[in-house]
Amino acid sequence: MKIDFANLKYQHELYKDEIESAMLKVARNCNFIMGEEVKEFEDNLCKFTGAKNAVTCSSGTDALLLAMMALDIKPGDEIITTPFTFIATAETIALLGAKPVFVDIDEKTYNIDVSKIEEKITDKTKVIMPVSLYGQPADLEALQQLKIKHSKLKIIIDGAQSFGATYKGKAEVHYTDIYTTSFFPAKPLGCYGDGGAVLTNNDELAEKMRMLRVHGQNKRYHHKYIGMGGRMDTIQCAVVNVKLKHYEKDLAKRQEVAEKYSKVLSSKLEVGSEELKEKKKTSNFQLETSNLILPTVKSDRTSAWAQYSIRVKNRDKLQLMLKEAGIPTAVHYPMPLHLQECFEYLGYKEGNFPIAEKVSSEIMSLPMNPYLTDKEIEYIATQL
Ligand SMILES: Cc1ncc(COP(=O)(O)O)c(C=O)c1O
């Protein structure tokens, strides 16, 4: 059997007629920049999430930049975030001259451990930036409590992996000053190139980010702020607008796939433990699956399941064996950010964030897309 990791080809086949005609319309109208599909998509993002404002932009990375620029982040400011994330989260903080201040993660959800944030707050702290890793929101109400206690603090959620996730039934935008997301093709809601968005219920911030996205311009060739060229192409908005129509259904399927993975894998683990007991009687054989840890999503939130990531002790060997069995895997992420060469200047060292370090040495993502069949899931679990 040969399994596809994200199965974008199948998805294109499924929505081909609608997507290709939407792309063709843009090509024929030649409204490549800020065409009507951009506004249409932004309106639909608001409808989907209940957000007051959605501003599309050129990527999830630029969405983070726009959000921080809107909050006037300057050199010397400190932003508290997680070391267990994609580089863009902290890279953008550093690009603006601010300092990423890391806090270790929760061992079950892999999101920032909110109970460890307060001790890191100083008078330079401007923003707390949780990341909804693999699609699961962080402890957003606990973060809001911190914000109430430290009234100058703002929250930016890096939701590059979590569009469509909910916390107590509501989209994450309702728990933050700004929510950013990415429409990179492999994300749960992906376009056909780069794309992203910032969502906010704050009209002033939205207006500012709309200007920042076009070189800080408030009127043609009049520039109120130092901004950037950060627009999302009309053609990308047209593509993802089609996909958004089907997204509720796709999200439900991702949820089903995740549930099936967990069910099948845990039943096999139980079988494994029995075998282990037997084998332990006769030799010092150790059943390696006894070291497998499945993902946990807290009961008050839903995940967009950008990844289905498990923890294993023998990752390299396992990845190789699965590859030979036609099962692609990936590691998100093999090295926490505090140990990356580019952040050497921050002065962190190994041992500073033990949970992030441990999880990054064990984590492994299995194929995840709405189209995985029961047979494929069973096959993957059996091989594992
Ligand atoms: C957590 C996180 N933040 C930011 C980004 C950046 O998004 P983009 O690739 O659209 O720039 C990503 C994308 O992989 C991400 O996973």
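A quick note: this is a predicted structure, and the numbers were derived from the prediction, not measured. (Residues numbered from 1 in each chain as written. Predicted model: local features only at pLDDT ≥ 70, side-chain atom pairs only at ≥ 80, totals over all residues.)

What about the overall build of the protein?
Here comes step 1: Tallying secondary structure elements over the protein gives 11 helices and 14 strands in all.
Here comes step 2: Its C-alpha radius of gyration of 22 Å places the protein within 12% of the 21 Å reference for a compact globule of 384 residues.
Here comes step 3: The C-alpha extent of the protein, read off along each of the three principal axes, is 80 × 55 × 35 Å.
Here comes step 4: Counting all 384 residues of the protein, 44% fall into the buried class. (Helix = DSSP H or I, 4+ residues; strand = E, 2+ residues; numbered from the N terminus. Rg over C-alpha atoms; globule rule 2.2 N^0.38 Å. Buried ≥ 20, exposed ≤ 12 C-beta atoms within 10 Å, placed from the backbone.)

Some details on unusual backbone geometry
Here comes step 1: For the bond from His332 to Tyr333, the omega torsion is 10°, close enough to zero to count as cis.
Here comes step 2: Here the phi dihedral of Cys30 falls at roughly 55°; this positive angle occurs in a residue that is not glycine.
Here comes step 3: Take Cys30: it is sitting in the loop between α1 (8-29) and α2 (36-49).
Here comes step 4: What makes Cys30 exposed here is the crowd of 9 C-beta atoms within 10 Å.
Here comes step 5: The phi angle at His215 is positive, at roughly 55°, despite the residue not being glycine.
Here comes step 6: Examined against the element boundaries, His215 turns out to sit in the loop between α6 (203-213) and β10 (217-219).

Some remarks on the site of the ligand
Here comes step 1: Of all residues adjacent to the ligand, which total 15 residues, the nearest are Ser59, Gly60, Thr61, Ala160 and Ser182.
Here comes step 2: Mapped by element, the contributors of at least two residues to the shell around the ligand are α3 (60-70) and α4 (88-95).
Here comes step 3: Among the residues forming the shell around the ligand, the class breakdown is 5 nonpolar, 8 polar and 2 charged. (Near = placed C-beta within 6 Å. Nonpolar A, V, L, I, M, F, W, Y, C, P; charged D, E, K, R; others polar.)

Some points on the domain arrangement of the protein
Here comes step 1: Domains assigned within the protein are domain 1 (8-246) and domain 2 (248-383).
Here comes step 2: Inter-centroid distance (C-alpha atoms) of domain 1 to domain 2 is 27 Å.
Here comes step 3: Secondary structure elements with two or more residues in the side of domain 1 that touches domain 2: β3 (99-102) and β6 (166-167).
Here comes step 4: Along the lines of polarity and charge, the residues of the side of domain 1 that touches domain 2 split into 16 nonpolar, 9 polar and 5 charged. (Domains from an automatic or database assignment.)

Side note on the nonpolar core
Here comes step 1: With 96 residues, the main nonpolar core has Leu66, Ala67, Met68, Ala70, Val127 and Val198 as its most contacted residues.
Here comes step 2: With 8 residues, the top contributor of residues to this core is α3.
Here comes step 3: Lining this core are residues from two domains, each supplying at least three of them: domain 1 (8-246) and domain 2 (248-383).
Here comes step 4: Sequence-distant contacts of Val198, that is, excluding residues within four places in its chain, are made with Val55, Cys57, Ala63, Leu66, Ala67, Ile178, Thr180 and Met209. (Core = buried A, V, L, I, M, F, W, Y, C linked by C-beta atoms within 7 Å. Contact = placed C-beta atoms within 7 Å.)

Focus: the packing of α2 against helix α7 (residues 234-245)
In a packed pair of helices, the relevant descriptors are the angle between the two axes and the axis-to-axis distance.
Here comes step 1: Look at α2 against α7: their axes get within 8 Å of each other, and the N-to-C directions meet at 35°. Classified by chirality, the crossing of α7 by α2 is left-handed. Facing α2, whose interface residues are Glu37, Val38, Glu40, Phe41, Asn44 and Phe48, α7 presents Thr234, Cys237, Ala238, Val240, Asn241 and Leu244.
Here comes step 2: When its residues are assigned to classes, the contact of α2 with α7 shows 7 nonpolar, 3 polar and 2 charged. (Axes fitted to C-alpha atoms, helices over the stretch in contact; angles between N-to-C directions. Left-handed = near helix turned anticlockwise from the far one by under 90°.)

Quick look at the sheet that holds β3
Here comes step 1: Read across the sheet, 7 strands follow the order β1-β9-β8-β5-β4-β2-β3 without closing on themselves; strand pairing throughout is mixed. Each having just a single partner strand, β1 (53-57) and β3 make up the two edges of the open sheet. Between one strand axis and the next, the sheet turns by 25° as a mean value, whatever way the strands run.
Here comes step 2: Here strand β2 (residues 78-81) runs beside β3; their pairing, made up of 4 bridges, is parallel. The residue bridging Ile79 from the neighbouring strand is Pro100, located in β3. (Pairing = 2+ DSSP bridges.)

Details of the environment of Val38
Here comes step 1: Considering the arrangement of structural elements, one finds Val38 in helix α2.
Here comes step 2: Counting along the chain gives 18 residues from Val38 to Thr56, while the straight-line C-alpha distance between them is 7.4 Å.
Here comes step 3: Filtering out sequence-adjacent residues up to four positions away, Val38 remains in contact with Thr56, Met232, Thr234 and Cys237.

What about the sheet that holds strand β7 (residues 170-171)?
Here comes step 1: The 3 strands lie next to each other as β7-β6-β12, forming an open sheet whose pairing is antiparallel. The sheet is open, and its two borders are formed by β7 and β12 (301-302), each paired with just one other strand.
Here comes step 2: Looking at chain direction, β6 and β12 are connected through 2 bridges and run antiparallel. Within the sheet, the bridge partner assigned to Tyr167 lies in β12 and is Arg301.

Some thoughts on the pairing of β1
Along any regular strand, the residues point their side chains to alternate faces of the sheet.
Here comes step 1: Within β1, 5 of the 5 residues are buried, which leaves it mostly tucked inside the rest of the structure.
Here comes step 2: Bridge analysis of β1 against strand β9 (residues 196-200) gives 5 bridges, and the strand direction is antiparallel. In the strand pairing of β9, Thr56 is matched with Ala197.

Examining the environment of Leu294
Here comes step 1: When you line up the elements, Leu294 lands in the loop between α8 (247-282) and β12.
Here comes step 2: A count of 15 C-beta atoms within 10 Å places Leu294 in the partly exposed class.
Here comes step 3: Linking Leu294 and Ile310, residues 16 residues apart in sequence, is a C-alpha distance of 4.9 Å.

Side note on the packing of α3 against α6
Here comes step 1: At their nearest, the axes of α3 and α6 sit 9 Å apart, and the two run at 120° to each other. Classified by the angle between their axes, α3 and α6 sit oblique to one another. Where α3 crosses over α6, the handedness of that crossing is right-handed. Along the contact surface, α3 presents Leu66, Met69 and Ala70, while α6 presents Leu205, Lys208, Met209, Leu212 and Arg213.
Here comes step 2: Here the residues of the contact of α3 with α6 sort into 6 nonpolar, no polar and 2 charged. (Parallel < 35°, antiparallel > 145°, perpendicular 65-115°, else oblique.)

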